[in-house]
Amino acid sequence: QVQLVESGGGLVQAGGSLRLSCAASGRTFSVYAMGWFRQAPGKEREFVAAISWSGGSTYYADSVKGRFTISRDNAKNTVYLQMNSLKPEDTAVYYCAAPDLYYSAPEGRAGSYDYWGQGTQVTVSS
């Protein structure tokens with residue numbers, strides 16, 4: 001059973017930074033792409049960033065491009081989301097996700113992911 005545990009959320013002022021972590025367990029981590037999604041109150045879950053199994057390819061939503069960076073450490077079975085220049089509209093619960101299938105490229109569709117963490121709250125004050 002795949003388990004994903006996010007951490008690193010919190011309250012930050014606009015313009016600040018946070019680094020989210022997602023620790024994975026239950027299977028070989030290094031062969032699977034990983035993704036981050038978020039859901040704000042009253043809104044649907046949306047794609048944030050994804051990374052290929054090797055870390056060599058990344059993919060970002062337009063809304064976070066240039067501010068967020070996704071990375072992974074396969075030796076630690078962990079994927080990260082570095083968030084800089086945070087805005088109030090980044091406020092949401094952030095989820096880490098993993099697919100059941102092997103994808104050679106990072107995936108931006110929520111339907112491609114089968115396993116989800118419990119989420120970590122990020123609140124950006126203005």
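Structure: see above.
All values reported here derive from a predicted model rather than from experimental measurement. (Residues numbered from 1 in each chain as written. Predicted model: local features only at pLDDT ≥ 70, side-chain atom pairs only at ≥ 80, totals over all residues. Heavy atoms only, no water.)

S.K.: I tried to follow the overall build of the protein chain on my own but got confused; where do I start?
M.R.: Assigned secondary structure in the protein chain consists of zero helices and eleven strands. Along the chain direction, N to C, the helices and strands of the protein chain fall in the order β-β-β-β-β-β-β-β-β-β-β. At 13 Å, the protein chain has a C-alpha radius of gyration in line with the 14 Å of a compact globule built from 126 residues. Expressed as lengths along the three principal axes of its C-alpha atoms, the size of the protein chain is roughly 40 × 25 × 25 Å. Within the protein chain, contacts between residues separated by at least 24 positions form 59% of all contacts whose residues are at least 6 apart in sequence. For the protein chain, the exposed area adds up to about 6200 Å²; of that, 47% sits on carbon and sulfur atoms. Looking at charge distribution, the protein chain has the averaged site of its 11 positive side-chain charges lying 5 Å from that of its 10 negative ones. (Helix = DSSP H or I, 4+ residues; strand = E, 2+ residues; numbered from the N terminus. Rg over C-alpha atoms; globule rule 2.2 N^0.38 Å. Contact = heavy atoms within 4.5 Å. Areas by Shrake-Rupley, 256 points an atom, 1.4 Å probe, with all protein chains shown as cover. Lys, Arg positive; Asp, Glu negative; His and termini not counted. Charge placed at Lys NZ, Arg CZ, Asp CG, Glu CD.)

S.K.: How should the environment of Arg 38 be read in this particular structure?
M.R.: As for its placement among the helices and strands, Arg 38 is situated in strand 4 (residues 34-39). Assessed through its relative accessible area of 5%, Arg 38 is described here as buried. Along the primary structure Arg 38 and Cys 96 are separated by 58 residues, whereas in three dimensions their C-alpha atoms are 8.7 Å apart. Arg 38 has contacts with Glu 44, Arg 45, Glu 46, Val 48, Ser 63, Val 64, Phe 68, Glu 89, Asp 90, Ala 92, Val 93 and Tyr 94, leaving out every residue within four places of it along the chain. A polar contact of 2.6 Å, which involves the side chain of Arg 38, links it to the side chain of Glu 46. In terms of polar contacts, Arg 38 uses its side chain to reach the side chain of Tyr 94, at 2.9 Å. (Buried < 20%, exposed > 50% of the residue type's maximum accessible area, 1.4 Å probe, protein only. Polar contact = N/O pair within 3.5 Å; in protein donor to acceptor, adjacent residues only side chain to side chain.)

S.K.: Would you take a moment to explain the sheet that holds strand 1 (residues 3-7) for this structure?
M.R.: Across a sheet, paired strands are connected by hydrogen bonds in the backbone, their directions being either parallel or antiparallel. Pairing within the open sheet is antiparallel, and its four strands lie in the order 1-3-8-7. Whereas interior strands pair on both sides, the edge strands pair on one side only; in this sheet they are strand 1 and strand 7 (68-73). Each strand of the sheet is rotated relative to its neighbour by a mean of 15°, with strand direction disregarded. (Pairing = 2+ DSSP bridges. Axes fitted to C-alpha atoms, helices over the stretch in contact; angles between N-to-C directions.)

S.K.: Looking at this model, I keep getting lost on the pattern of salt bridges. Mind explaining?
M.R.: Any two side chains of opposite charge can pair, on the condition that their charged atoms come close. All chains considered together, the criterion is met by six salt bridges. Between Asp 90 and Arg 38 there is a salt bridge, with the nearest N and O atoms lying 2.9 Å from each other. Remark: Arg 38 occurs in strand 4 and Asp 90 occurs in the loop between strand 8 (78-83) and strand 9 (92-98); sequence separation between them is 52 residues. Of the two residues, Asp 90 and Arg 38, neither departs from the other in class, the shared state being buried. (Salt bridge = Lys/Arg side-chain N within 4 Å of Asp/Glu carboxyl O.)

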